[in-house]
Amino acid sequence: MRGNNLVKLNALNSLAFATGTVTLLLSSVSSVSAYTIYTNRTAWEAALATNPSYKITTDTFSNTISSAQSITLDSGIVSTNSAPPTLPNPPFNNNSVSIVNSGVYDNASGTLTGASDTITWQFPATVLAFGADFSRIDELTLTGNFDGTGDQTISINPTIGGENGFLGIIGTAEFSSVIFANNTTAVDSFSIDNASFATKV
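Report follows, based on the coordinates. (Residues numbered from 1 in each chain as written. Predicted model: local features only at pLDDT ≥ 70, side-chain atom pairs only at ≥ 80, totals over all residues. Heavy atoms only, no water.)

**Side note on the pattern of salt bridges**
In step 1: Going through the model one piece at a time under the given rule, you end up with three salt bridges.
In step 2: Ionic pairing is found between Asp 106 and Arg 136, a salt bridge with its closest N-O pair at 3.3 Å. Residue Asp 106 is found in strand β8 (residues 105–109), and its partner Arg 136 is found in the loop between β9 (118–135) and β10 (141–144); the two are separated by 30 residues along the sequence.
In step 3: Among the charged side chains, a network of salt bridges with common partners joins Arg 41, Glu 45 and Asp 133. (Salt bridge = Lys/Arg side-chain N within 4 Å of Asp/Glu carboxyl O. Helix = DSSP H or I, 4+ residues; strand = E, 2+ residues; numbered from the N terminus.)

So this is what it looks like as structure tokens:
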């Protein structure tokens, strides 16, 4: 699943956010003091390729995993809902892979009774970068300590320019987990494909 880019800056079609300020870079994407956000997978991968100390692992969600409060994805990511999945299941299929939508991770977040306020993805090792193809995103947020100064939260839909698209982050410090949340009274069901992360070689 590939979404439209927010801004076509150059051949890499990337958008960088640095210390809360949007920085448009005409020839390359870099960040000295803060993490960088990408809305194009090719640009994200190209930036990581300049650092041979890291390798990218991608979970394509090829194998079915039934819904449970905590599951281990094929890539080694442990996905844990803050509450047991008690919503109608389907269509939400909280914390599962390939149950309703083939070849993707499905979940739902929200503060509605029975929903999961937060969904934590614990990586199998510390990572410098995380990226994924998102679909059906409304209110979902992504939180992580991407620069070593404390947690930062990104609203996914406005960042990728709609319900569907790629969101990638390259940190300035390694991080061990990310948290998906919603913080509304509605339930936001969503899918993720091609979840990728970069670990030290």
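**Describing the packing of aromatic side chains**
In step 1: Tallied over the entire structure, the rule returns 13 aromatic pairs.
In step 2: Here a set of aromatic residues connected by ring pairs shows up, and it is made of Tyr 35, Phe 61, Tyr 105, Trp 121, Phe 123, Phe 130, Phe 134, Phe 146, Phe 175, Phe 180, Phe 190 and Phe 197. (Phe/Tyr/Trp six-rings, centres within 6.5 Å; stacked < 30°, edge-to-face > 60°.)

**Overview of the pairing of β10**
In step 1: In β10, alternate side chains face the same way, and those of Thr 141 and Thr 143 on one face and Leu 142 and Gly 144 on the other are all buried.
In step 2: Here four bridges tie β10 to strand β11 (residues 152–155), and the two strands are oriented antiparallel to one another. Bridge pairing links Thr 143 to Thr 153 in β11.
In step 3: With three bridges connecting them, β10 and strand β12 (residues 165–181) associate as antiparallel partners. (Buried < 20%, exposed > 50% of the residue type's maximum accessible area, 1.4 Å probe, protein only. Pairing = 2+ DSSP bridges.)

**Focus on helix α1 (residues 41–49)**
In step 1: Those residues of α1 that sit buried are Arg 41, Ala 43, Trp 44 and Leu 48. End-on view of α1: buried residues confined to an arc of 165°, all on one side of the axis.
In step 2: Tucked inside the fold, the buried residues of α1 contact β3 (36–38), β4 (54–59), β9, β12 and β13 (188–200).
In step 3: N-cap assignment for α1: the residue whose side-chain oxygen lies 3.0 Å from the backbone N of Thr 42 is Asn 40. (Arc of directions from axis to C-beta. Contact = heavy atoms within 4.5 Å. Polar contact = N/O pair within 3.5 Å; in protein donor to acceptor, adjacent residues only side chain to side chain.)

**Thoughts on the pairing of β12**
In step 1: Looking at chain direction, β3 and β12 are connected through three bridges and run antiparallel. Paired with Tyr 38 across the two strands is Gly 168, which belongs to β12.

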